[in-house]
Amino acid sequence: MEVSLRKFEEIDIPKKVRWINDPNVNRYLHYDLPLEEEKTKVWFKKNKESTTRFDAVINVDNISVGLIGLLSIDSKNKKAEYYVCIGEQAYLGKGIAKKASIKLLDYAFNTLLLNKVYLYTEDVNVNAQCLFEKIGFKREGLLMDDLIYNGRHVNRFAMGILRKDFIKE
């Protein structure tokens, strides 16, 4: 099983829309739903040359199975926010998100030369927290009522990994 990353392209929009609109996938994502292809095309065109984000597709044996990336890339403070989403349910629980995350972190620390990658995860999203801790993220705090999403108050953990700790892994 070969896991690879490639830059998100316009041809990936229909899959992204399908994945994000799937209730099994979007349970802990905070998108304005439903996602629409035309609006996603506008988003893509607006962001494709951005230096403050990196969006990629996770491929397994040349099959697109999910999304991963870095948001709010801050070259001055050398940090960025991480996200990952496996869209194809048949590929969940196979270690793909872990392998893809390690590749993304390698890119963040060794190509972009970032010092820190951070993320936010709902306090009840235990499976994601286990993944993040396996790849070296540490909990930095609990943000109470950090979001209001679909009328519910959401607590989120802030987690981060430093370059020096990733290199040790």
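Refer to the structure presented above.
Residues numbered from 1 in each chain as written. Predicted model: local features only at pLDDT ≥ 70, side-chain atom pairs only at ≥ 80, totals over all residues. Heavy atoms only, no water.

Notes on the sheet that holds strand β3 (residues 63-74)
Part 1 of the reasoning: Pairing is mixed across the open sheet formed by seven strands, whose spatial order is β1-β2-β3-β4-β5-β7-β6. Each of the sheet's edge strands pairs with one partner strand only, and the pair in question is β1 (3-7) and β6 (138-149). Direction aside, neighbouring strands of the sheet carry axes that sit 30° apart on average.
Part 2 of the reasoning: Here β1 pairs with strand β2 (residues 54-60) via five bridges, running antiparallel. Each bridged residue has a counterpart across the sheet, and for R6 the counterpart in β2 is V57. (Pairing = 2+ DSSP bridges. Helix = DSSP H or I, 4+ residues; strand = E, 2+ residues; numbered from the N terminus. Axes fitted to C-alpha atoms, helices over the stretch in contact; angles between N-to-C directions.)

Brief notes about the pattern of salt bridges
Part 1 of the reasoning: Throughout the structure, instances matching the rule amount to nine salt bridges.
Part 2 of the reasoning: A salt bridge links D55 to R53; the shortest N-O distance between them is 2.6 Å.
Part 3 of the reasoning: Take D55: its relative accessible area is 10%, and that puts it in the buried class.
Part 4 of the reasoning: The partner of E122 in a salt bridge is R152, with the nearest N and O atoms 3.0 Å apart. Here R152 lies in strand β7 (residues 152-162) and E122 lies in strand β5 (residues 116-122), a separation of 30 residues in the sequence.
Part 5 of the reasoning: Residue classification places E122 among the buried positions, given a relative accessible area of 3%.
Part 6 of the reasoning: Classification of R152 by relative accessible area gives partly exposed; the value is 35%. (Salt bridge = Lys/Arg side-chain N within 4 Å of Asp/Glu carboxyl O. Buried < 20%, exposed > 50% of the residue type's maximum accessible area, 1.4 Å probe, protein only.)

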